[in-house]
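Geometric and topological summary
Residue-level listing of the chains:
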Amino acid sequence: MHTFIDNISQVRRFYLVAALAFLFPLVLIFFRESLGMSLPAFRILIFAIVIFITGIFFIVKPAYIRYENDNQVIRLHFYNLLPFPFVKRIGKIIEIRKDEFRDYELNSYNYGLSKVLILLIHERFSLLPYPPVSVSLLNKQQLSELIASLEHWKE
């Protein structure tokens, strides 16, 4: 059962929505007079909007994921996305052979906004977890394919 999952389209959509959300305060600048707000109150509103949008990144913890399962090895390439796309991101790769893989955990946080995948391997009489990988930007079909692939390997 060969499985390939890539969430680049969700990443692009997320960044587009985030860019539009960051541009929203700039649009509000043109309507400050019609809103009837004083300058200090308006600055507080703009600051609160920017902080809220940045906070969404830290709640959702978006990540680019490329998962590949070729019946011998699981390869999970990922890098966490930051609120600003020009900041250098460090990618990571998890590679697990079929005989090492034992189980996985899929945890959900923040009322389902943040989902985290933890892969477990067998190493000398114990189960060792890999660092958590955010799968928040996977759509339902991709998430079900990922779970089905991992369940198949678990057997």
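Below you will find a few notes about this structure. (Residues numbered from 1 in each chain as written. Predicted model: local features only at pLDDT ≥ 70, side-chain atom pairs only at ≥ 80, totals over all residues. Heavy atoms only, no water.)

Moving on, we get to the sheet that holds strand E2 (residues 63-69). In spatial order, the strands read E1-E2-E3-E4; together these 4 strands make up an open sheet with antiparallel pairing. The open sheet has two free edges, formed respectively by strand E1 (3-6) and strand E4 (92-97), since each of these has just one partner strand. Across the sheet, the mean angle separating the axes of adjacent strands is 10 degrees when strand polarity is ignored. Pairing geometry for E2 and strand E3 (residues 73-80), over 7 bridges, is antiparallel. Counterpart to Ala63 in the pairing with E3 is Asn80. Helix H4 (residues 140-154) contacts E1, E2, E3 and E4 of the sheet and is inclined by roughly 145 degrees relative to E1. (Pairing = 2+ DSSP bridges. Helix = DSSP H or I, 4+ residues; strand = E, 2+ residues; numbered from the N terminus. Axes fitted to C-alpha atoms, helices over the stretch in contact; angles between N-to-C directions. Contact = heavy atoms within 4.5 Å.)

Because side chains alternate across E1, one face comprises the buried residues Thr3 and Ile5, and the other comprises Phe4 and Asp6, none of which is buried. Where E1 lies against E2, 4 bridges are found, and the strand directions are antiparallel. Opposite Ile5, over in E2, you have Tyr67 as the bridge partner. (Buried < 20%, exposed > 50% of the residue type's maximum accessible area, 1.4 Å probe, protein only.)

On to the side chain of Ser136. For Ser136, the location among the structural elements is in the loop between strand E8 (133-134) and H4. Ser136 sits in the buried class, given a relative accessible area of 14%. Of note is the side chain of Ser136, whose polar atom sits 3.0 Å from the backbone nitrogen of Lys115. In this structure the side chain of Ser136 is engaged in a polar contact, spanning 3.3 Å, whose partner is the side chain of Ser134. Leave out the neighbours within four places in its chain, and Ser136 touches Val60, Lys61, Leu113, Ser114 and Lys115. (Polar contact = N/O pair within 3.5 Å; in protein donor to acceptor, adjacent residues only side chain to side chain.)

On to the packing of aromatic side chains. Counted according to the given criterion, the structure contains 4 aromatic pairs. Ring centres of Tyr15 and Phe57 lie 6.2 Å apart, and the angle between their planes is 40 degrees; this geometry places the pair in the tilted category. Residue Tyr15 is found in helix H1 (residues 8-30), and its partner Phe57 is found in helix H3 (residues 39-60); the two are separated by 42 residues along the sequence. Pair check on accessibility: Tyr15 and Phe57 agree, each one buried. (Phe/Tyr/Trp six-rings, centres within 6.5 Å; stacked < 30°, edge-to-face > 60°.)

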